[in-house]
Amino acid sequence: MTAKVTLSFSDETIEEARRFAKREGLSLSAWMDQAAREKAVRELFTAHAAAVGRAGADLEAAALADEREVAMVDDALFGGDGRAA
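The shown structure was predicted, so the numbers you read here are calculated from the model rather than taken from an experiment.

Some words on the overall build of the protein
Then step 1. Each helix and strand counted, the protein has 3 helices and 0 strands in total.
Then step 2. Ordered by position in the sequence, the α and β elements of the protein form the string α-α-α.
Then step 3. Here the C-alpha atoms of the protein give a radius of gyration of 23 Å, more than 25% beyond the 12 Å that 2.2 N^0.38 yields for 85 residues.
Then step 4. Taking the principal axes of the C-alpha coordinates as reference, the protein spans close to 65 × 30 × 30 Å.
Then step 5. When each of the 85 residues of the protein is scored for burial, the buried share is 7%.

See below:
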């Protein structure tokens, strides 16, 4: 389903949008729809990352710890020659 809306843009913005839409082979409406959707998804991911950070979850540290644990198990099982990789 689509909705028709009236929006106002600066001349510079609309010309850039038209140029990008043409370059990508999209109509201006399709390009603007895609751009708005991408912005919304970025906002959601940013909000999620902030919430995870506020919760004290350090996913990068956890991933690095997992890598170290895998390396220790590999070393214990295979003498560290990388056969488990």
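Regarding helix H3 (residues 59-78)
Then step 1. End to end, H3 covers 28 Å across 20 residues, agreeing with the expected 28 Å (1.5 Å per residue, within 8%).
Then step 2. Where H3 terminates, the next one or two residues include Gly-79, which has phi positive at roughly 70°.

Focus: the pattern of salt bridges
Then step 1. Scanning the model with the defined rule gives 4 salt bridges in all.
Then step 2. Here Arg-23 ties to Glu-24 by a salt bridge, and the two come within 3.6 Å at their closest N and O atoms.

A short note on the packing of helix H1 (residues 11-23) against helix H2 (residues 28-54)
Then step 1. At a minimum axis separation of 9 Å, H1 and H2 run at an interaxial angle of 100°. In terms of axis orientation, H1 runs roughly perpendicular to H2. Contacts from Ile-14, Ala-17, Arg-18, Phe-20 and Ala-21 of H1 reach H2 at Leu-28, Trp-31 and Met-32.

Side note on H2
Then step 1. The first and last C-alpha atoms of H2 sit 39 Å apart over 27 residues, in line with the 39 Å expected at 1.5 Å per residue.
Then step 2. Just beyond H2, the residue with positive phi is Gly-56, at close to 85°.

Digging into the environment of Leu-44
Then step 1. Following the sequence through the fold, Leu-44 ends up in helix H2.
Then step 2. Sequence-wise, Leu-44 and Thr-13 are 31 residues apart; in three dimensions their C-alpha atoms are separated by 24 Å.

Description of a nonpolar patch on the surface
Then step 1. On the surface, a cluster of nonpolar side chains totalling about 300 Å² of accessible area is made up of Val-5, Leu-7 and Phe-9.
Then step 2. When you line up the elements, Phe-9 lands in the segment before H1.

Focus: the confidence of the model for the protein
Then step 1. Residues of the protein with pLDDT of at least 70 account for 93%, and the chain-wide mean is 87.
Then step 2. Across the protein, element-level confidence peaks in H1 with a mean pLDDT of 97 and bottoms out in H3 with 86.

Points about the environment of Ala-3
Then step 1. Locating Ala-3 in the fold gives a position in the segment before H1.
Then step 2. Assessed through its relative accessible area of 66%, Ala-3 is described here as exposed.
Then step 3. C-alpha separation for the pair Ala-3 and Glu-38, spaced 35 residues apart in sequence, amounts to 18 Å.

Reading guide: rules and limits
- Residues numbered from 1 in each chain as written.
- Predicted model: local features only at pLDDT ≥ 70, side-chain atom pairs only at ≥ 80, totals over all residues.
- Heavy atoms only, no water.
- Helix = DSSP H or I, 4+ residues; strand = E, 2+ residues; numbered from the N terminus.
- Rg over C-alpha atoms; globule rule 2.2 N^0.38 Å.
- Buried < 20%, exposed > 50% of the residue type's maximum accessible area, 1.4 Å probe, protein only.
- Expected span 1.5 Å × (residues − 1).
- Salt bridge = Lys/Arg side-chain N within 4 Å of Asp/Glu carboxyl O.
- Axes fitted to C-alpha atoms, helices over the stretch in contact; angles between N-to-C directions.
- Parallel < 35°, antiparallel > 145°, perpendicular 65-115°, else oblique.
- Contact = heavy atoms within 4.5 Å.
- Patch = residues over 30% accessible without salt bridge, like charges linked within 9 Å, V, L, I, M, F, W, Y side chains within 5 Å.
- Areas by Shrake-Rupley, 256 points an atom, 1.4 Å probe, with all protein chains shown as cover.
- pLDDT = per-residue confidence, 0-100.

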